[in-house]
Amino acid sequence: MIAKNRVMILDAAYDEESLKDAVEAVFREFPLDMEGKTVLVKPNILAGEPPEKGVTTHPMLVKAVVDKLKAQGAKVMVGDNPGVFGYGRSEKAAETARISGAVGDAFVHLGQSPVKTSLPSQDVPCVMISNEVLTADLVINLPKLKTHGLTFYTGAVKNTFGYVVGGDKMRVHSQAVTPKRFSQALVDIFSVRPPDLTIMDAVVAMEGNGPHHGSLRNVGKILASNNAVSLDAVAVTMIGGNPRSILHLDIAAEKGLGAIDLDQISLNTEIVPIPDFKMPVTFIPGVMGMILNRFLSKWINCLPQIQEDKCKQCGLCVKHCPTKAMTMAKKSYPKADKNVCINCYCCQEMCPEDAIVLKGRTLNFIRGSSR
Ligand code: SF4
Ligand code: SF4
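Everything numeric in this text was worked out from a predicted model, so none of it was measured.

### Section: the site of ligand 1
- The environment of ligand 1 is made up of 13 residues, and the closest members are Cys311, Cys314, Gly315, Cys317 and Cys351.
- A per-class count over the shell around ligand 1 returns nine nonpolar, two polar and two charged.

### Topic: the environment of lysine 92
- Positionally, lysine 92 belongs in helix α3 (residues 89-96).
- Taking relative accessible area as the criterion, lysine 92 reaches 48% and is therefore assigned partly exposed.
- Considering only alpha carbons, one finds lysine 92 and glycine 48, 44 residues apart in sequence, at a separation of 7.2 Å.

### A short note on the environment of alanine 22
- Looking at the element boundaries, alanine 22 is found in helix α1 (residues 16-29).
- It is 22 Å that separates the C-alpha atoms of alanine 22 and threonine 154, two residues lying 132 residues apart in sequence.
- Setting aside its immediate chain neighbours within four residues, alanine 22 contacts Leu10, Ala12 and Ile222.

### Re the nonpolar core
- In terms of nonpolar packing, the biggest core is built from 45 residues, with Leu69, Val78, Ile199 and Ile222 touching the most fellow members.
- If we ignore the near neighbours within four places in the chain, the residues touching isoleucine 222 are Met8, Ile9, Leu10, Ala12, Leu19, Ala22, Leu61, Ile199, Met200, Asp201 and Val203.

### Re the domain arrangement of the chain
- Taken domain by domain, the chain comprises domain 1 (5-267) and domain 2 (298-363).
- Each of domain 1 and domain 2 was reduced to a C-alpha centroid, and the two centroids are 26 Å apart.
- In this complex, domain 1 contributes 18 residues to the contact, which on the side of domain 2 involves 17 residues.
- Carbon and sulfur atoms supply 61% of the area buried between domain 1 and domain 2, which totals about 1600 Å² over both sides.
- Scanning the region where domain 1 abuts domain 2 turns up zero salt bridges.
- Along the contact surface separating domain 1 from domain 2 lie four residue pairs in polar contact (both at pLDDT 80 or more).
- The dominant element in the side of domain 1 that touches domain 2, judged by the number of residues it contributes, is helix α7 (residues 168-175), at three residues.
- Partitioning the side of domain 1 that touches domain 2 into residue classes produces eight nonpolar, nine polar and one charged.

Calculation notes
- Residues numbered from 1 in each chain as written.
- Chains lettered and ligands numbered in written order.
- Predicted model: local features only at pLDDT ≥ 70, side-chain atom pairs only at ≥ 80, totals over all residues.
- Heavy atoms only, no water.
- Near = heavy atom within 4 Å.
- Nonpolar A, V, L, I, M, F, W, Y, C, P; charged D, E, K, R; others polar.
- Helix = DSSP H or I, 4+ residues; strand = E, 2+ residues; numbered from the N terminus.
- Buried < 20%, exposed > 50% of the residue type's maximum accessible area, 1.4 Å probe, protein only.
- Contact = heavy atoms within 4.5 Å.
- Core = buried A, V, L, I, M, F, W, Y, C linked by side-chain atoms within 4.5 Å.
- Domains from an automatic or database assignment.
- Buried area = accessible area lost by both parts, 1.4 Å probe.
- Salt bridge = Lys/Arg side-chain N within 4 Å of Asp/Glu carboxyl O.
- Polar contact = N/O pair within 3.5 Å; in protein donor to acceptor, adjacent residues only side chain to side chain.

Right under this line is the structure:
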């Protein structure tokens, strides 16, 4: 009989003792030999927001994990390749998220030693991955439970997109131009180095307009597993979704990277769904949604629109648009060209002012898209 993948759901709060207890319980369940090992701890730092905004993995959880690893004799590195890129941005994002301050000299800038890495992907045959990801003896993944405009849900597997350095993420988006193709590339990147252990911050989750500008939801949980795909399946079930409706989880399961059917997952407790958890506006629920999201997503999408009363004309959305669909004329506001936009929503994710909304589900086949 094949052993089921194990996922733990633990009660926790942003409190030193509570997180210490949760982390101890996780390592009892999933023991790792850490003595003398180099361990990369990979939180979600995204755009670098203070912990109160619920965008990034909470620094108290990161610190609790780092303390445990150090006590076990590991040499610890903590880092991420946040969505924002450019000189000094990575350090600044980690500082604002109060993660570099929490872990002191364990913080590393992951963007400094990229290694060209082949992927088994038609769209994205290679990608620049941080050397630390490839050389660490152990990788510990610390995602945050959030929604996402493009992938609907972002958790353990999606957090490994941060293996890719800086602007190379834009290239991935520009080569894998539909949700399905991006999900395939995402799984290929994940499979370069599946984490040895994932501990998800679901103490405060983000619903609705995630991963940057959604609403916060008190969940009070830590999820943990040595299989990131199965952990995501449990988290998606908790937020009221079907793991098969999340394309990258479905693809990962098909590739044998982890079980997503609950009867193949062993749990320490039952899953208690979070009532009325809000998915992003891009997500179409139900059976119809499974079909539309999976097979017609390249034809049916929302478009980013600028709210001029909020926009500070900083230009970040223009800089982070992988297809140059977003442009901004002098002394004007940015505008997305619907014929060039690939609906990746990086612009919305990166906007520091929450000035971009996704509106008007658009039928791309009417506008003649050839994607
Ligand atoms: S990132 Fe946001 S604030 Fe900056 S120009 Fe774009 S819409 Fe305006
Ligand atoms: S305009 Fe926004 S959603 Fe469209 S391709 Fe550019 S970054 Fe992606």
